[in-house]
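# Chains, contacts and geometry: an overview
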Amino acid sequence: LAKTTQPISMDSYEGQEVNITCSHNNIATNDYITWYQQFPSQGPRFIIQGYKTKVTNEVASLFIPADRKSSTLSLPRVSLSDTAVYYCLVGPISSGSARQLTFGSGTQLTVLP
Amino acid sequence: NAGVTQTPKFRILKIGQSMTLQCTQDMNHNYMYWYRQDPGMGLKLIYYSVGAGITDKGEVPNGYNVSRSTTEDFPLRLELAAPSQTSVYFCASSYSRTGASPSSGANVLTFGAGSRLTVL
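As the structure is a computational prediction, the values presented were derived from the model and not from experiment.

Turning our eyes to something else, we now look at the overall build of chain B. A tally of helices and strands in chain B yields zero helices and eleven strands. Going from N to C terminus, chain B has its helices and strands arranged as β-β-β-β-β-β-β-β-β-β-β. Taking 2.2 N^0.38 as the reference for a compact globule, 120 residues should give roughly 14 Å; the C-alpha atoms of chain B span a radius of gyration of 14 Å, in line with that estimate. Buried residues in chain B amount to 46% of all 120 residues. Per element, the accessible surface of chain B, about 5,500 Å² overall, is 54% carbon and sulfur. The averaged location of the 7 negative side-chain charges in chain B is 7 Å from the averaged location of its 10 positive side-chain charges.

Our focus in this paragraph is the packing of aromatic side chains. Here a ring pair, both rings aromatic, is described through the centre-centre distance and the interplanar angle of the planes. By the definition in use, this model includes eight aromatic pairs over all chains. When the ring of Tyr36 of chain A is compared with that of Phe46 of chain A, the centres are 6.1 Å apart and the planes differ by 75°; the resulting orientation is edge-to-face. Remark: Phe46 of chain A occurs in strand S4 (residues 45-50) and Tyr36 of chain A occurs in strand S3 (residues 31-38); sequence separation between them is ten residues. The exposure class of Phe46 of chain A is partly exposed, given its relative accessible area of 32%. Ring geometry for Tyr31 of chain B and Tyr33 of chain B: centres 6.3 Å apart, planes at 55°, overall tilted. Of the two residues, Tyr31 of chain B and Tyr33 of chain B, neither departs from the other in class, the shared state being buried. A network of ring pairs unites the aromatic residues Tyr36 and Phe46 of chain A together with Tyr31, Tyr33, Tyr35, Phe90 and Phe111 of chain B as a single cluster.

Before going further, it helps to spend a moment on unusual backbone geometry. The amide bond that connects Thr7 of chain B to the next residue, Pro8 of chain B, takes the cis arrangement and shows omega of -5°. Within the secondary structure layout, Pro8 of chain B lies in the loop between strand S1 (4-7) and strand S2 (10-13). Non-glycine residue Thr53 of chain A carries a positive phi angle of around 55°. You can see Thr53 of chain A is positioned in strand S5 (residues 53-56). The residue Arg68 of chain A is not glycine, and still its phi comes out positive at about 60°. Inspection of the secondary structure assignment puts Arg68 of chain A in the loop between strand S6 (61-64) and strand S7 (70-75). The buried category is assigned to Arg68 of chain A, whose relative accessible area is 7%.

Before going further, it helps to examine the pairing of strand S8 (residues 84-92) of chain A. Residues and elements named next belong to chain A. Of all the nine residues making up S8, nine are buried; the element is thus mostly covered by neighbouring parts of the structure. The alternating pattern of S8 places Ala84, Tyr86, Cys88, Val90 and Pro92 on one face and Val85, Tyr87, Leu89 and Gly91 on the opposite face, and all of these are buried. In the sheet, S3 pairs with S8 via eight bridges, with the strands oriented antiparallel. Its bridge partner being in S8, Ile33 is matched across the sheet by Val90.

Here the focus is the sheet that holds strand S3 (residues 19-25) of chain B. All names here are of chain B. With antiparallel pairing, the four strands of this open sheet are ordered in space as S1-S3-S8-S7. The outermost strands of the open sheet, each flanked by one partner alone, are S1 and strand S7 (64-66). Taken over all neighbouring pairs, the strand axes of this sheet differ in orientation by 20° on average, direction set aside.

On to the pattern of salt bridges. The final tally for this structure, using the stated rule, is two salt bridges over all chains. For Asp38 of chain B, the salt bridge goes to Arg36 of chain B, with nearest N and O atoms at 2.8 Å.

Cut-offs used in this document
- Residues numbered from 1 in each chain as written.
- Chains lettered and ligands numbered in written order.
- Predicted model: local features only at pLDDT ≥ 70, side-chain atom pairs only at ≥ 80, totals over all residues.
- Heavy atoms only, no water.
- Helix = DSSP H or I, 4+ residues; strand = E, 2+ residues; numbered from the N terminus.
- Rg over C-alpha atoms; globule rule 2.2 N^0.38 Å.
- Buried < 20%, exposed > 50% of the residue type's maximum accessible area, 1.4 Å probe, protein only.
- Areas by Shrake-Rupley, 256 points an atom, 1.4 Å probe, with all protein chains shown as cover.
- Lys, Arg positive; Asp, Glu negative; His and termini not counted.
- Charge placed at Lys NZ, Arg CZ, Asp CG, Glu CD.
- Phe/Tyr/Trp six-rings, centres within 6.5 Å; stacked < 30°, edge-to-face > 60°.
- Pairing = 2+ DSSP bridges.
- Axes fitted to C-alpha atoms, helices over the stretch in contact; angles between N-to-C directions.
- Salt bridge = Lys/Arg side-chain N within 4 Å of Asp/Glu carboxyl O.

Listed below in structure tokens is the structure:
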């Protein structure tokens, strides 16, 4: 299983760009990287998924270097409502991979006014 | 679309009691999962199912049982509840198929709102 390591917590101010890095040194060739956001008392919510280089959607960007041993979730111009725990998951997206969808401890992002 | 629905939202059990947490999804997803989340911790996989009639253990299956008689439903049974099972339980679903690409949404988990269980 590809183990992930993230910072436990990060603070930022409203309007700033936030980058959260996840290390996954033993990522496998068929593994994808997926990020989830979790608010208190709610289930995690999908943010973004990628395999290599850069992926962007309406809420975030995901940067993955060529060696794929780490990835960086970038949140542009955060607001107070972005305060949440962010999880990085690494695993294959094809069938037979359910056991490998394990969550680490995540990164608590606190956005300050 | 209701997505993933879990019941009950809250429950208090006495030690040794049994109960079933219900989970239903209306997205025709083939994969379903049960996770538990202890305070301040990440989610741990209890059991998962890759389709009706097929279930398998995750990281922390002891003290739990599951069944998957239909695509939609994936109940989690707690037998002989113990204080260590006090947690928030999340059910999730996804679809998965061989050769799926990221843009297809494969293996993107959709979670329910959670069930908070306290064992006293």
